[in-house]
Amino acid sequence: LELYLRSCSSSPSENEIKLLTAEIERLKNFGCLGVSPSLEGLRDENAKLKYRLNFLQKSLQEERSKTAKSMININSCLQEIFGAAIQAAYPDLENPPLVVTPSQQPKFGDYQCNSAMGITQILLKTKEQKVSPREIAEKISKNIPANECIEKIEIAGPGFINVHLRKDFVSKQLSSLLMNGVQPPAVGKRKKVVVDFSSPNIAKEMHVGHLRSTIIGESMCRLFEFAGYDVLRLNHLGDWGTQFGMLIAHLQDKFPDYLTVSPPIGDLQAFYKESKRRFDTEEEFKKRAYQCVVLLQSKNPDFIKAWELICDVSRKEFQKIYNCLDITLIERGESFYHEMMKDIVKEFEDKGFVQVDDGRKIVFVPGFPVPLTIMKSDGGYTYDTSDLAALKHRLCEEKADILIYVVDSGQSVHLQTVFAAGQMIGWYDPKVTRVAHAAFGVVLGEDKKKFKTRSGDTVRLIDLLEEGLKRAMDKLRDKERDKVLTAEELKAAQTSVAFGCIKYADLSHNRLNDYVFSFDKMLDDRGNTAAYLLYAFTRIRAIARLASIDEQMLRKAAREEVLILDHEKEWKLGKCILRFPEILQKILDDLLLHTLCDYLYELATTFTEFYDNCYCVEKDRQSGQIVKVNMWRLLLCEATATVMAKGFDILGIKPVQRM
Amino acid sequence: KVRRRLGTGVGGENYKTEGYVVTPNTMALLKHHLTITGGQVRTRFPPEPNGILHIGHAKAINFNFGYAKANGGVCFLRYDDTNPEKEEEKYFTAIREMVEWLGYQPYAVTHASDYFDQLYTWALELIRRGQAYVCHQKVEEIKGHNPPPSPWRDRPVEESLLLFEDMRKGKFGEGEATLRMKLVMEDGKMDPVAYRVKFTPHHRTGDKWCIYPTYDYTHCLCDSIEHITHSLCTKEFQARRSSYFWLCNALDVYCPVQWEYGRLNLLYTVVSKRKIIRLVETGAVRDWDDPRLFTLTALRRRGFPPEAINNFCARVGVTVAQATMEPHLLEACVREVLNEQAPRAMAVLEPLKVTITNFPALKALEVLVPNFPADESRGFHKVPFQPTVYIEETDFREEVDKGYKRLAPGQPVGLRHAGYVIAVQNIIKDASGRVIELEVTCTKSDVAEKPKAFIHWVSEPLVCEVRLYERLFLHKNPEDPSEVPGGFLSDLNPDSLRVVRSALVDSSVLSARPFDKFQFERLGYFSVDPDSEEGKMVFNRTVTLKEDPGKA
């Protein structure tokens, strides 16, 4: 119309211009819509739907808080409260920003809601309304629904809403924590989680790269299990493929009677290297190796036997490491999916996704430049095929609601392509099922280069762990702990510190980054290390013991005493303890475990502040006799310790009674 | 007679009433009831706050409040606000205002919604006792005669408890589930609904609930909670008496006695909310309080005194029979009261100017008029008397016929209260021959021959608007299709309102406030309308002085 108007202005037909201008105005004001008779009905229905939605949300909150045993996630409680307030204040806003964070300074209250600023932007953009964030903050504050946790609300600065929690509420949560133990935040229906982690290759040594997957994967499983999920821990072993041809051929040469006498393969790595050398140099051997692959894949019993023998050797080696690190998982290697791959190829072909390129069958996935090769020109399958088969099995057979691959970042494009292919073919809907690649960076040496031995070889994991043990013992001796602890205690402290430190050093770094492996740093008992936390933990545990308060007395006190949080440091510690569920919730969402390490470190330092300022047990200076036991403070110690213990448990760290 | 049936007028003797169900718990519950009420009679007026009260409600108010008062008891005003969709603040305040206007003070103002929590707890208990269940039959399925019994009637208690909880949490859409009570009513209706889902906020409970109790479930339990002794209701509820007793007993709570009385209906009008809305929408009446309607606000505006309405209700009585009354019976009550209450004044609706040529004074005289001629001890007011006065056009005729006693050439007439008789001297006409003014001479009445009649007049008057009303409908039962086939809107009386824009009223009414009442001599009883403004008063004619013989 406007174009037409412009053309009209040259040929003067004033009336037409006027008419059209009026028409534009009318259209701009939705004049064309008029008031349809069904509009009223739709408005009513809309009001009812809104009412019902609000009701269901409230009921959901009610149901969640009813599962009495779960710990209350204060942050999400506040989010719900502010969500409701914003909804009431601005019912027309769709998905208004909802930002609630713990306050950094006591003067800003305990938590802050910073949504007002965002809403200002939205009102300006979508409704062309200029409203100051402060005004919005005030309106939100006026609409805060009745709740049990907020003491008061202040509006500060441009429009921050500072929240002060109610003391009795925090105190009550701490009491219930002491009575019920540490409980997970409520996460709703029990869902199935499949975690693919560790996943080394048969006949190859586990190296430091596998260490990260193993440690992160184990910890993730523990977290999901604690949160009440049904977790399937899968070790996606590299136990199938062409390398088995040369291994079996070599086995037949070296141990011809392998079918009757178990061959003593001591060093599988050396065995692998030998066969690899022959494969690369002996043409005849190479040919035989290929034949072996074909026979193995056709399930010839003799070849299956050989394959199993080799796998068993590897398995035993892996298990040693898993035992050291206290790792539990189910072996379900590539071979498990072998039979399914034929059907996978057929499924992609039937749905018309397959292209043939130079004899290969390839699948292009929209958004990914490199296609998946699902069948090689010789009819063999690839990693792409086995990963697709594994994905389908986990989704359709295991019926996973959440599927997590703890695999290094280098595999990112490959995995994303596989996931996208799974969606393309309709195995899952990302809105319903969560398939995530929990990627991690590489392990670097202290020289910031790839972690290698001095001779340039990859570092064998088992050697690394042994060195850890040795270093931990050195440290303990340095500190003359050997003079205080019994031999048994010393040994327990050694393994706890050694493996705890290796795990913690890995977990405390953002997994997405590369990380520098340094025994010196991880064994330092100052700073954010396992050594520091383990030490702090034993100290907290000792407080009650030294006051001759046993577990039963603590339990009784937890039931009867009100936790007084009058001292600033008590208040700070109490709130810090109760942030545990929100930390876990965050990790369940983003799978970044270092948040838990940061939290434990913060908890330990907050505890130290409290302990330095608040007497738990008052003793006579001369006699050393106990004058007074401040029971509520001992309860705070106990609450701190139980949360730390649960944190350690999730991280896979075993604290000791004494160290 | 209900009054006799209601008997003792003492609380706690419910069990003596015929038809009252005595359970093993009854005596204990009554004993407890007596400790709370001390044997006092307790009644309640329970309107739904979804419309304006009308003359029918006046009877309920009169009966409930009146019965309590007569027996030294108390009466609650309880808003039956169980249905969230229709309630508006204005109805609550209007109802209270009308109760107070009728001269009653509620013992307490309560709301059915005050008891939602208790009602909900009881609903759970009723399910646990196996007396209620969640049903998924659609509304259409259970409507009408002989609907099929619910296939969910015998579902396990646990299941009903869970589903009822789901109803409360909003998991069912409207109409997808109801809670029903296991009982058959007098009229054969099975398993009345106790709770239904409504995604509507409530006037008082906000967004706390999405299930709301029904009348059948709520009413008797609220009566029980308030320890009502006599639950008075109109006859339509007779069919629900057994469910009333059943529910209280099913929950083992104190059970009041329900008494029914006949509804009061008035001829020549409609009182239903929906119909009044139609009348307002079509412009047949001005608003809910248009004086032609029989809502209580309309009656007040028209000038009906509350005492008259109470007298009327008392006279209709509380027989069980439905009372259908002629409006003139109500009007008779109004006259009775106004005769006592409304001071006299004079007004001329169709003025004719009269100039007294031999006025006996240089300036205006003052005339004393008794406020109530029958009882001069109730005072006098002054009105000016000037050479120019106005009389009703109809009080003058050029030709005299037999029976005509007022002013005519050669036939003098007395001026009420003035103490003068006037005689026509000269008739002034306009070009069309219409009489526009009279010139008269006056004679003091004590010296003049006694005239055949006295007429009212005004001098130095106020110009006012006067609204005269007739029945709104032509037929007795405008809603009856056999009487009025075209529907009530086709039965409107075209002459139901006549507005006299320039009536002249004597200055004694000058300081009157809205709803003040006067008897304008020879014209009827009038009430100041709230439309009155500074310098322009508006009067409604409440009733004429005598019943129109045509209406009797």
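As annotated in an unreviewed UniProt entry, chain B carries the name glutamine--tRNA ligase and comes from Bubo bubo. Under the Sequence similarities (unreviewed entry) heading, UniProt states for chain B: "Belongs to the class-I aminoacyl-tRNA synthetase family." Reading the Catalytic activity (unreviewed entry) entry of the UniProt record for chain B gives the comment "tRNA(Gln) + L-glutamine + ATP = L-glutaminyl-tRNA(Gln) + AMP + diphosphate".

Going by what an unreviewed UniProt entry lists, chain A is known as Arginine--tRNA ligase, cytoplasmic and is assigned to Bubo bubo. The record held by UniProt for chain A lists under Catalytic activity (unreviewed entry) the comment "tRNA(Arg) + L-arginine + ATP = L-arginyl-tRNA(Arg) + AMP + diphosphate". Of chain A, the UniProt comment under Subcellular location (unreviewed entry) reads exactly: "Cytoplasm, Cytosol".

Undergrad: Mind showing me how you'd approach the pairing of strand 22 (residues 462–469) of chain B here?
TA: Residues in a regular strand point their side chains to alternate faces of the sheet. Residues and elements named next belong to chain B. Burial analysis of strand 22 places seven of its eight residues in the buried class, which makes it a mostly covered element. Bridge analysis of strand 22 against strand 23 (residues 497–505) gives seven bridges, and the strand direction is antiparallel. Counted as the bridge partner of Val466 is Val500 from strand 23. By the bridge criterion, three bridges tie strand 22 to strand 26 (residues 538–543) in an arrangement that is parallel. Note that in strand 26 the partner of Arg467 across the bridge is Asn540.

Undergrad: I'm lost on the side chain of B:Arg180 in this one. Help?
TA: All names here are of chain B. Within the secondary structure layout, Arg180 lies in strand 5 (residues 178–181). Engagement of the side chain of Arg180 in a polar contact is seen with the side chain of Gln137, the distance being 2.7 Å. For Arg180, the contacting residues outside a window of four places in its chain are Gln131, Ala132, Tyr133, Cys135, Gln137, Ile142, Ser150, Met190, Asp191, Pro192, Val193 and Ala194.

Undergrad: Please explain the packing of aromatic side chains as it appears in this structure.
TA: Two descriptors summarise a pair of aromatic rings, namely the distance from one centre to the other and the angle between the planes of the rings. Enumeration over the complete set of coordinates arrives at 39 aromatic pairs over all chains. Judged by centre distance (5.0 Å) and plane angle (80°), the rings of A:Phe336 and A:Tyr337 are edge-to-face. Residue classification places A:Tyr337 among the buried positions, given a relative accessible area of 0%. Members of the aromatic cluster, joined through ring pairs, are B:Phe116, B:Tyr120, B:Phe164, B:Tyr195, B:Trp209, B:Tyr212 and B:Tyr217. A cation sits over an aromatic face here: A:Lys139 above A:Tyr90, 4.7 Å from the ring centre.

Undergrad: Got a minute to help me understand helix 7 (residues 215–225) of chain B in this structure?
TA: Since one α-helical turn is 3.6 residues long, residues separated by three or four positions face the same way. Residue and element names in this part refer to chain B. Counted residue by residue, helix 7 has nine buried out of eleven residues, so it is predominantly covered. When helix 7 is considered as a whole, its buried residues turn out to be Asp216, Tyr217, Thr218, His219, Cys220, Leu221, Cys222, Asp223 and Ser224. Positive phi shows up at His227, right after helix 7, with a value of about 55°.

Undergrad: Got a minute to help me understand the interface of chain B and chain A in this structure?
TA: How big an interface is tends to be reported as the loss of accessible area on association of its parts. In this complex, chain B contributes 19 residues to the contact, which on the side of chain A involves eleven residues. In total, chain B and chain A occlude about 1200 Å² of area from one another, counting both sides; carbon and sulfur atoms represent 45% of this. On the chain B side of the contact with chain A, B:Lys169, B:Phe199 and B:Asp207 bury the most area, a combined 52% of that side's loss. Put simply, chain B and chain A have one salt bridge between them. Across the pair B:Glu174 and A:Lys48 runs a salt bridge, and its minimum N-O distance is 2.7 Å. At the surface where chain B touches chain A, the tally comes to eight residue pairs in polar contact (both at pLDDT 80 or more).

Undergrad: Help me out: how do you make sense of the sheet that holds strand 1 (residues 42–45) of chain B in this one?
TA: Hydrogen bonds between backbone groups are what pair the strands of a sheet, and the pairing can be parallel or antiparallel. All names here are of chain B. Taken in spatial order, the three strands make up an open sheet running 1-2-3, and their pairing is parallel. Across the chains shown, the open sheet's two edge strands, defined by having one partner strand only, are strand 1 and strand 3 (108–111). Mean inter-strand twist for the sheet, computed between neighbouring axes without regard to direction, equals 30°. For strand 2 (residues 74–79) and strand 3, the ladder comprises four bridges, and the chain directions are parallel. The partner of Phe76 across the bridge, within strand 3, is Ala108. Here helix 3 (residues 55–70) sits on the sheet and contacts strand 1 and strand 2; the angle it forms with strand 1, its principal contact strand, is near 160°.

Undergrad: So what exactly am I meant to see when it comes to the environment of A:Cys221 here?
TA: All names here are of chain A. Checked against the element boundaries, Cys221 lands in helix 8 (residues 208–226). Under the relative-accessibility criterion, Cys221 is labelled buried at 0%. If we skip the residues at most four places from it in the chain, Cys221 touches Val195, Phe197, Val231 and Arg233.

Undergrad: What is the right way to look at the pairing of strand 5 (residues 192–196) of chain A in this model?
TA: Residues and elements named next belong to chain A. Buried residues dominate strand 5, accounting for five of its five residues. Both faces of strand 5 are covered, namely the face carrying Lys192, Val194 and Asp196 and the face carrying Val193 and Val195. Here strand 5 pairs with strand 6 (residues 230–235) via five bridges, running parallel. Its bridge partner being in strand 6, Val195 is matched across the sheet by Arg233. Between the parallel elements strand 5 and strand 6, the chain passes through helix 8 in a crossover that is right-handed. Direction of pairing for strand 5 relative to strand 11 (residues 402–405): parallel, over a ladder of four bridges. The residue bridging Val194 from the neighbouring strand is Leu403, located in strand 11.

Undergrad: Can you walk me through the pattern of salt bridges in this structure?
TA: Here the idea is simple: oppositely charged side chains can pair when their charged atoms come close. Residues and elements named next belong to chain A. For the coordinates displayed, the defined rule picks out 86 salt bridges over all chains. For Asp474, the salt bridge goes to Lys470, with nearest N and O atoms at 3.6 Å. Taken together, the positions of Asp474 and Lys470, both in helix 16 (residues 461–478) and four residues apart, correspond to about one turn of that helix. For Lys470, a relative accessible area of 51% corresponds to the exposed category. Here the salt bridges do not stand alone but share partners, grouping Glu218, Arg222, Glu225, Arg233, Asp326, Lys646, Asp649 and Lys654 into one network.

Undergrad: Teacher, can you tell me more about the nonpolar core here?
TA: Here is a general trend for soluble globular proteins: nonpolar side chains tend to be buried in one another's company. In this structure, A:Leu78, A:Phe224, A:Phe517 and A:Leu596 are the most contacted members of the largest nonpolar core, which totals 171 residues. Non-local contacts of A:Phe517, meaning those with residues more than four positions away in its chain, are made with A:Leu211, A:Val443, A:Leu444, A:Gly445, A:Glu446, A:Phe451, A:Leu464, A:Ile502 and A:Met522. Counting residues in each nonpolar core, the second largest holds 92 residues, with A:Tyr51, B:Cys75, B:Leu124 and B:Leu264 among its members.

Undergrad: Is there a simple way to think about the sheet that holds strand 4 (residues 132–135) of chain B in this case?
TA: All names here are of chain B. Ordered by their spatial adjacency, four strands build an open sheet running 4-5-6-7, and the pairing between neighbours is antiparallel. Both outer strands of the open sheet, strand 4 and strand 7 (211–213), are each paired with one neighbouring strand and no more. Taken pair by pair, the neighbouring strands of this sheet meet at an average axis angle of 20°, ignoring direction. Of the strand pairs in this sheet, strand 4 and strand 5 are connected by four bridges, and their pairing is antiparallel. Residue pairing across strands places Cys135 opposite Thr178, the latter belonging to strand 5. In the packing of helix 6 (residues 157–168) onto the sheet, contacts are made with strand 4, strand 5, strand 6 (193–197) and strand 7, and the angle to strand 4 comes to roughly 60°.

Rules of the game
Residues numbered from 1 in each chain as written. Chains lettered and ligands numbered in written order. Predicted model: local features only at pLDDT ≥ 70, side-chain atom pairs only at ≥ 80, totals over all residues. Heavy atoms only, no water. UniProt positions renumbered as here; feature names shortened; annotations may be inferred. Buried < 20%, exposed > 50% of the residue type's maximum accessible area, 1.4 Å probe, protein only. Helix = DSSP H or I, 4+ residues; strand = E, 2+ residues; numbered from the N terminus. Pairing = 2+ DSSP bridges. Polar contact = N/O pair within 3.5 Å; in protein donor to acceptor, adjacent residues only side chain to side chain. Contact = heavy atoms within 4.5 Å. Phe/Tyr/Trp six-rings, centres within 6.5 Å; stacked < 30°, edge-to-face > 60°. Lys NZ or Arg CZ within 6 Å of the ring centre and 35° of its normal. Buried area = accessible area lost by both parts, 1.4 Å probe. Salt bridge = Lys/Arg side-chain N within 4 Å of Asp/Glu carboxyl O. Axes fitted to C-alpha atoms, helices over the stretch in contact; angles between N-to-C directions. Right-handed = clockwise from strand over helix to strand, strands pointing away. Core = buried A, V, L, I, M, F, W, Y, C linked by side-chain atoms within 4.5 Å.

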